[in-house]
Amino acid sequence: MSMTSSRPYFIRALYEWIVDNNCTPHILVDAHIEGTRVPQQHVNKDGQIILNIAPSAVSDFVMDNLTLSFSARFGGVANHLFIPCHAILGIYARENGRGMMFEPEEAPKPPTPPAPAPAPSPARDIKSATKRPGLRVVK
């Protein structure tokens, strides 16, 4: 039986644990993963960036099972960041380094879209549109 990645669940749990302990959560992100949108001028030579995701440092913070997105300022310029969960390589507390690092992970396969419903035939639509409803007396 195939299961979804546990990474987003660990990230959310560790984020809450770090914040609840009055520490500053930081994430290590692989900026070269497809779909990752971070300020490239701050990415290091290894293609990674460390981001402060403390509630006081970001706004519009949304974390779900596939992505993490938020707005943050870099050099006074507001940026909207978008990070697929599989691009997050670790989450830790800045103050003591406690947290978790993750092994590289392949991107999840997108769900298969449902088959399109058959298009109604034009003749049937015209026929049903021109037919008037009727009332019958039932005894």
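Labelled according to an unreviewed UniProt entry, the protein chain appears under the name Stringent starvation protein B, originating from Cellvibrio japonicus.

The next thing to look at is the environment of His-86. Mapped onto the fold, His-86 is located in the loop between β5 (77-84) and β6 (88-93). A C-alpha to C-alpha distance of 7.9 Å links His-86 and Leu-66, two positions 20 residues apart in sequence.

Reading across the sheet, the three strands line up as β3-β4-β5 and stay open at both edges, with antiparallel pairing between neighbours. Both outer strands of the open sheet, β3 (59-63) and β5, are each paired with one neighbouring strand and no more. The sheet shows a mean angle of 20 degrees between the axes of neighbouring strands, direction not considered. Across three bridges, β3 lies against strand β4 (residues 67-74) in antiparallel orientation. Within β4, the residue paired with Val-62 across the bridge is Ser-69.

The subject of this paragraph is the packing of aromatic side chains. Counted by the stated rule, this structure contains two aromatic pairs. Seen in terms of ring centroids, Tyr-15 and Phe-61 are 5.0 Å apart; in terms of plane orientation they differ by 15 degrees. Their pairing is stacked. Here the residue Tyr-15 occupies a position in helix α1 (residues 7-20), and Phe-61 occupies one in strand β3, the gap between them amounting to 46 residues. Judged by relative accessible area, which is 11%, Tyr-15 ranks as buried. By relative accessible area, which is 27% here, Phe-61 ends up partly exposed. Over the ring of Tyr-9 we find Arg-12, and its NZ or CZ is 4.9 Å from the ring centre.

Both β4 and β5 contribute to a ladder of eight bridges, which runs antiparallel. Counterpart to Arg-73 in the pairing with β5 is Ala-78. Taken together, β4 and the strand that follows it, β5, pair antiparallel across an intervening segment of two residues, in which Gly-75 is found at a positive phi of about 60 degrees.

Counting 26 residues, the largest nonpolar core has Ile-27, Val-38, Leu-51, Phe-70, Ile-83 and Ile-91 as the members making the most contacts within it. Of all the secondary-structure elements, those providing two or more residues to this core are α1, β1 (25-30), β2 (48-52), β4, β5 and β6. Not counting residues within four places of it along the chain, the set of residues in contact with Leu-51 comprises Pro-25, His-26, Ile-27, Val-29, Val-38, Phe-70, Phe-74, Leu-81 and Ile-83.

Conventions used here
- Residues numbered from 1 in each chain as written.
- Predicted model: local features only at pLDDT ≥ 70, side-chain atom pairs only at ≥ 80, totals over all residues.
- Heavy atoms only, no water.
- Helix = DSSP H or I, 4+ residues; strand = E, 2+ residues; numbered from the N terminus.
- Pairing = 2+ DSSP bridges.
- Axes fitted to C-alpha atoms, helices over the stretch in contact; angles between N-to-C directions.
- Phe/Tyr/Trp six-rings, centres within 6.5 Å; stacked < 30°, edge-to-face > 60°.
- Buried < 20%, exposed > 50% of the residue type's maximum accessible area, 1.4 Å probe, protein only.
- Lys NZ or Arg CZ within 6 Å of the ring centre and 35° of its normal.
- Core = buried A, V, L, I, M, F, W, Y, C linked by side-chain atoms within 4.5 Å.
- Contact = heavy atoms within 4.5 Å.

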